[in-house]
Amino acid sequence: MSSKCSSHSNPIFRSHPMASLLVAPPFNFAFRSVVFLVIIWIGLFCIVEISAGGDVGEVLGKGGHKQREFDYFKLSLQWPGTVCHRTRHCCSSNGCCRGSNAPTGFTIHGLWPDYNDGTWPACCNGKRFDVKEISTLLGALNKFWPSLSCSSPSNCHGGKGLFWEHEWEKHGTCASSVVGDEYKYFLTTLNIYFKYNITEVLREAGYVASNSEKYPLGGIISAIQNAFHTTPELECSGDAVEELRLCFDKNFKPRDCAVDSNTESGIVTSKKSCPRYVSLPDYVSLNVGKNDAEVSQATVHSSI
Ligand SMILES: *[C@@H]1O[C@H](CO)[C@@H](O)[C@H](O)[C@H]1NC(C)=O
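In this text the structure is predicted, and so the values were computed from the model without any measurement.

Caption draft 1: Quick peek at the environment of Glu 213. Along the polypeptide, Glu 213 turns up in the loop between helix H10 (198–204) and strand S3 (215–216). The exposure class assigned to Glu 213 is partly exposed, which follows from the 15 C-beta atoms found within 10 Å. With 66 residues separating them along the chain, Glu 213 and Ser 279 place their C-alpha atoms 6.4 Å apart.

Caption draft 2: Looking closely at the environment of Thr 231. Note that Thr 231 resides in the loop between helix H11 (217–228) and strand S4 (233–237). Between the C-alpha atoms of Thr 231 and Arg 255, which are 24 residues apart in sequence, the distance is 7.7 Å. When residues no more than four places from it in sequence are discounted, the contact partners of Thr 231 are Ile 221, Gln 225 and Asp 256.

Caption draft 3: Spotlight on the nonpolar core. Ranked by internal contacts, the top residues of the largest apolar core, which has 49 residues, are Ile 198 and Ile 220. For this core, the secondary-structure elements that each account for two or more residues are strand S1 (72–78), strand S2 (107–114), helix H7 (163–170), helix H9 (182–195), H10, H11 and strand S5 (240–248). The element that contributes the greatest number of residues to this core is S5, accounting for four residues. With residues near it in sequence (within four places) discarded, Ile 198 still touches Leu 77, Phe 106, Ile 224 and Leu 244.

Caption draft 4: Structural view of the pairing of S2. In terms of burial, S2 is largely enclosed, as eight of its eight residues are buried. Strand direction decides the pairing type here: S1 and S2, joined by seven bridges, are antiparallel. By the bridge assignment for S2, Tyr 72 is matched with Asp 114.

Rules behind the numbers
- Residues numbered from 1 in each chain as written.
- Predicted model: local features only at pLDDT ≥ 70, side-chain atom pairs only at ≥ 80, totals over all residues.
- Helix = DSSP H or I, 4+ residues; strand = E, 2+ residues; numbered from the N terminus.
- Buried ≥ 20, exposed ≤ 12 C-beta atoms within 10 Å, placed from the backbone.
- Contact = placed C-beta atoms within 7 Å.
- Core = buried A, V, L, I, M, F, W, Y, C linked by C-beta atoms within 7 Å.
- Pairing = 2+ DSSP bridges.

Spatial relationships are all this shows, so hold off on functional conclusions.
Below is the structure:
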């Protein structure tokens, strides 16, 4: 309710030749009322559909499980330079498409509660995602926790939604014994990400984004071991680093990730495991438009 509405009472706008058309009574008014009612009706229909979908999800056991207490946290980071190379088309919600504002260092994928046996809980009891709960964090989340695709991931209730919704409902709800509610889940994750700046540790060791350099995997791992006294998990796409994961105990002290999680699903892991020499690709951003940061903010707000 700001610039658009107030422009109706703007004298410059009213004196425009088209202004009389835009405020033409009474047919226009009646027509608008009908359109308005239709929109409301469609809206109500959608709400009913969504809640019905939620119920079906529960019956099928997709959401709201009570699961056993987890053992440790895994902070999962993405290397945008690798993920964004898969971008085939752009949209405002895709962090890869922000032109010169596109992320250059590791961004957050999620904070995941895990078990020591290499498995993890998912979709636990908890409140549904509500973007209003994290409205004060949206600036930081857009910057450091962007979605790197245009598709909407699944939530735990048979629907699809924001990347953040997926992370909170699938993983965050299972960590609530330690981190608390949705707002605290996102705040906690941002804080750990700020405290353990992998991009900086690698940069100081000479490992910077490049489309020509190859770096020894062992060198990357020991730079992180020296800085944080823990061994990270890495996943690659070809020789390009795609994900890097740091593990923490429930007091947020760094610890090693469960050994089993490397061997648990042999096929998937071997496909994603990194070779001895890896790259940290640079990404030349596709551009969706001029004011990308504003566009992505607008997307978030319109999805409330
Ligand atoms: C991490 O370090 C990099 C490189 O020094 C810096 O550009 C970035 O802003 C830092 N990230 C955070 C979240 O502080």
